Structures are given as structure tokens and as C-alpha cells.
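In case you want the letters, here they are:
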Amino acid sequence: MAALDRPYWNEARFERREGWDDDAYPFNLPVLKGLYSVVFHPAVTFLVGENGSGKSTLIEALAVAWGFNPEGGNRNFSFSTRISHSPLHEFVRPIRSVRRPREGFFPRADGESFMALMDHKLHGNGLYILDEPEAALSPSRQMSFLTRLHHLVNAGSQFIITTHSPILLGYPNAWIYQVGEHGLDRIDYEDTDHVPVTRNFLTRRDRMLEILLEE
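Residues numbered from 1 in each chain as written. Predicted model: local features only at pLDDT ≥ 70, side-chain atom pairs only at ≥ 80, totals over all residues. Heavy atoms only, no water.

Attention now goes to the pattern of salt bridges. Across all of its chains, the model carries 7 salt bridges by this definition. Notably, a salt bridge pairs Arg-141 with Glu-112, separated by 2.9 Å at the nearest N-O pair. With Arg-141 in helix H3 (residues 139-154) and Glu-112 in helix H2 (residues 111-120), the pair connects residues that are 29 residues apart, well separated along the chain. Under the relative-accessibility criterion, Glu-112 is labelled partly exposed at 37%. With a shortest N-O distance of 3.0 Å, Arg-207 and Glu-210 are connected by a salt bridge. Here Arg-207 and its partner Glu-210 are both found in helix H6 (residues 205-213), 3 residues apart, which amounts to about one turn of the helix. Bridged by salt links that share partners, the residues Glu-15, Arg-17 and Arg-93 form one connected network. (Salt bridge = Lys/Arg side-chain N within 4 Å of Asp/Glu carboxyl O. Helix = DSSP H or I, 4+ residues; strand = E, 2+ residues; numbered from the N terminus. Buried < 20%, exposed > 50% of the residue type's maximum accessible area, 1.4 Å probe, protein only.)

So, about unusual backbone geometry. Trans is the prevailing form of peptide bonds, just as negative phi is the prevailing case for residues other than glycine. A cis amide bond, omega 0 degrees, links Tyr-25 with the succeeding residue Pro-26. Relative to the helices and strands, Pro-26 resides in the loop between strand S1 (9-14) and strand S2 (37-39). If you check the backbone angles, Asn-125 has positive phi at about 55 degrees while not being a glycine. Looking at the secondary structure, you find Asn-125 in the loop between H2 and strand S6 (126-131).

Set out below in C-alpha cells:
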């Protein structure tokens, strides 16, 4: 059964109970403003936002709430050299489907290491949570990443990914959540901040450079 038929992770609910303080880190991050639930696409869900918005803190909390080690790896990889992650995961309640993944990874690596993982370690029927996999990948390598992503989706996998890359965000039928002034909103590809900015620069490079570099 392909991941498009049924997800492993349906929804993450955020429980605002004792210990949640809207004025303290990490609960005061923009990504958590008014956030009570995130529903995941059966295949690919993207989280996008500016640095400092809290998307990496959020995806780490999601990974730990699911059962991954915060320092990266799969659910059987449980050592810790230091406690550096936020307590946000304690307030995340995963709503899981009856279907269980055969494998799962929350890697902490740069782009090329992500590619090696995708090519050699991931076999499908898994839940994979990735934080900015495009780091250190050229545009052509990002396209290769999309190809491998698609193979794994067709092999029954589900992905939750943070990214800045308009290339990765273009994966067909994916759900995109963007951190904005009102918190986390689901939007279309063309409505992301990254896509029009990149397009404007590529199609109007001379004019954009004039504006950016004028004294």
C-alpha cells in the first residue's frame, strides 16, 4: 500500500496544559502562535519559514514525540551526550494511524549525508523526518533528492520536512505549512515566500541587483 493511501502519522496535537508558557521559550516562537494541531499529508508535508521562526525546533519536537532520539537516528538509536533539545515535545500528542512504519529516521546531517542516507539506508515503508535536507546540495542534487524522495513515497513512505528550497517545495501534491504572522498556515506552492522571491530574482536579475546594491 502506497503512502498516498494512508499515512503513519495523521496529526500532531499541541496540548496547552500546565508548563506551557506563551511568554517563554520555546512556546513564544512564531511557529507556535495559535497552534493547536498540524495534520500531515499521507506522503509529504513541508514546513517552511524564515530562520528564527521556530520550524527546526518544531520538527525536532515532532521527532522526539514520535520516539526518535533528538540527536538523530532511528528509534533504536537512543544514546545522548547532552540534553540540548527543548521541552516542546512533552506537549505534543501524536495521533497515529493503525498502520505502523517498518523503519524511521530523524537524521542530523548536512545535505550530502542526507543523500547518502536516502540512497543507501532508507528502504521504504517508513516515516522520515528531515530538517533542511537541501543544505550543501546544489540545485541538480536537489533534483536528484526529489527523484529519490518520489521512489520512497511510492514504496509506502511518509515524509515531514523543513526546507527553504523552492525546488523541494515543488514536489507534487505535497502539503506546505508556512510560518507567518498568524502562526502556521497551510498554503499553496505559489503563495510561499520563497517561490516568488526566487522567481523575481531569476527573471529580473539586473533590476533586482540594482535595487539590492544601490548606495
